[in-house]
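# Geometric and topological summary
Listed here are the chains, written in short residue letters.
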Amino acid sequence: QVQLVESGGGLVQAGGSLRLSCVASGSIFSIRTMDWYRQAPGKQRESVAVTSGGITNYADSVKGRFTISRDNAKNTVYLQMNSLEPEDTAVYFCNAIIRASGGIFKDYWGQGTQVTVSS
């Protein structure tokens, strides 16, 4: 019953901005973390913005350009991406650790949203 849905991806020119959203829905009891990853074709999935111990860790390649934020009341996490570069082109995935009603904490992934940055 629990699912994550990303949105906000698209085609943007270098230097532009996008804001990604990820909404968790279903019979949710508690959400521990909500984070962002990305994967370019032929490459391993990598962390973009991950929260651990109350601290957000950004990939070196996005520091100063991307910002993660949470709206706990809406079960939503955002990724504000500014000064986008062609190297940011990837499918962006939301990951969350969620305890469903009557269940235990488990790891969930969204389907991803495509971000393409042209030069």
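Structure first, text after, so check above.
None of the values given here were measured: they were computed from a predicted structure.

## Notes on the overall build of the protein
The helix and strand inventory of the protein stands at 0 helices and 11 strands. In the protein, the succession of α and β elements from N to C terminus is β-β-β-β-β-β-β-β-β-β-β. Here the C-alpha atoms of the protein give a radius of gyration of 14 Å, agreeing with the 14 Å that 2.2 N^0.38 yields for 119 residues. By its C-alpha atoms, the protein is 50 × 25 × 25 Å across when sized along the principal axes.

## A short note on the sheet that holds strand β8 (residues 76–81)
Read across the open sheet, the 4 strands follow the order β1-β3-β8-β7; overall the sheet is antiparallel. Each end of this open sheet is capped by a strand with a single partner; those strands are β1 (3–7) and β7 (66–71). Strand-to-strand twist across the sheet, computed as the mean angle between neighbouring axes with direction ignored, equals 15°. Summarising the sheet, β1 and strand β3 (residues 18–25) pair through 5 bridges and their orientation is antiparallel. Bridge pairing links Gln 3 to Ser 25 in β3.

## Some words on the packing of aromatic side chains
Applying the stated criterion across every chain, the model contains 2 aromatic pairs. On the numbers, 5.0 Å between centres and 65° between planes, the contact of Tyr 37 with Trp 109 is edge-to-face. Separated by 72 residues along the polypeptide, Tyr 37 in strand β4 (residues 28–39) and Trp 109 in strand β10 (residues 105–109) bring together distant segments of the chain. The exposure class assigned to Trp 109 is partly exposed, which follows from its relative accessible area of 35%. With 6.5 Å between their ring centres and 80° between their planes, Phe 93 and Trp 109 make a pair best called edge-to-face. Taken as a pair, Phe 93 in strand β9 (residues 90–100) and Trp 109 in strand β10 lie far apart in primary sequence, 16 residues in all. Every member of this aromatic cluster is reached through a ring pair, and the members are Tyr 37, Phe 93 and Trp 109. Sitting above the plane of the Phe 105 ring, Arg 32 keeps its charged end 4.0 Å from the centroid. Its guanidinium or amino end placed over the ring of Phe 93, Arg 45 lies 3.7 Å from that ring's centre, counting from NZ or CZ.

## Points about the environment of Gly 9
Topologically, Gly 9 is positioned in the loop between β1 and β2 (10–13). Overall, Gly 9 belongs to the partly exposed group, its relative accessible area being 33%. Here the alpha-carbon distance between Gly 9 and Thr 116, two residues 107 residues apart in the chain, equals 7.9 Å.

What counts, and where the lines are drawn
- Residues numbered from 1 in each chain as written.
- Predicted model: local features only at pLDDT ≥ 70, side-chain atom pairs only at ≥ 80, totals over all residues.
- Heavy atoms only, no water.
- Helix = DSSP H or I, 4+ residues; strand = E, 2+ residues; numbered from the N terminus.
- Rg over C-alpha atoms; globule rule 2.2 N^0.38 Å.
- Pairing = 2+ DSSP bridges.
- Axes fitted to C-alpha atoms, helices over the stretch in contact; angles between N-to-C directions.
- Phe/Tyr/Trp six-rings, centres within 6.5 Å; stacked < 30°, edge-to-face > 60°.
- Buried < 20%, exposed > 50% of the residue type's maximum accessible area, 1.4 Å probe, protein only.
- Lys NZ or Arg CZ within 6 Å of the ring centre and 35° of its normal.

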